[in-house]
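Here's the letter readout for the chains.
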Amino acid sequence: MVAGEGAERLGEAGPGVEQRAAAVADAACELADLVTPGAWSVGAVEDAADAIDVLAAALAAIDPEVARALAAVPAATAALRRRLVPGTVQDVAEVPAQRSERPPRRGLGPGWKGVRTTG
C-alpha cells in the first residue's frame, strides 16, 4: 500500500476499484516480466500506451495536484508512439492542469519604486 502526502484525503474505495486496480497492477507486472525489447509489436505498444494514458487520466481525477503531477503523461506516451511506431500517432493535445484554489500571485505592477523608509 502506498501512503504519502495527501493520502489522508482518500477514503474508502468504490465498489470494485481496489480489485480492478490490483488486477491492472498484476497484469502490468506479468507483462513486464514477459517482454523483451524484441517482443513488442505495433499493436502491443499502442495498447500499452493507451493503458498508461487511461490510468493517468483516472488518477488525475483525484484532485488538481495529482492532475498537475500527471499532466506530462499524454505527451510522454505520444513521444513513445512517435519513436516506436512512426506514422501512427496523431498529435495528442496536452491536458491543462487544473488550477488550485489559491489565487494567482500578483506582481508589483508597473511604476513600483520600491520600499521607502524615512530616516
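Since the structure is predicted, the reported quantities are computational estimates derived from the model, not experimental observations.

Enquirer: How should the pattern of salt bridges be read in this particular structure?
Expert: Where charged atoms of side chains with opposite charge meet at close range, the side chains can pair. Under the criterion given, the structure shown has three salt bridges. A salt bridge links R81 to D53, with the shortest nitrogen-to-oxygen separation between them at 3.3 Å. You can see R81 sitting in helix α4 (residues 73-84) and its partner D53 sitting in helix α2 (residues 42-60), a full 28 residues away along the chain. Classification of R81 as buried rests on a relative accessible area of 5%. One continuous salt-bridge network, built from bridges that share partners, spans E46, D50, D53 and R81.

Enquirer: Mind showing me how you'd approach α2 here?
Expert: Owing to its 3.6 residues per turn, the α-helix aligns residues three or four sequence positions apart on the same side. Its 19 residues give α2 an end-to-end C-alpha distance of 27 Å, which sits within 8% of 27 Å, the value for a rise of 1.5 Å per residue. Every buried residue of α2 is accounted for by V45, E46, A48, A49, A56 and A60. Check the buried side of α2 and you find it contacts α3 (64-70) and α4.

What counts, and at which threshold
Residues numbered from 1 in each chain as written. Predicted model: local features only at pLDDT ≥ 70, side-chain atom pairs only at ≥ 80, totals over all residues. Heavy atoms only, no water. Salt bridge = Lys/Arg side-chain N within 4 Å of Asp/Glu carboxyl O. Helix = DSSP H or I, 4+ residues; strand = E, 2+ residues; numbered from the N terminus. Buried < 20%, exposed > 50% of the residue type's maximum accessible area, 1.4 Å probe, protein only. Expected span 1.5 Å × (residues − 1). Contact = heavy atoms within 4.5 Å.

Interpretation in functional terms is not warranted from these geometric data alone.
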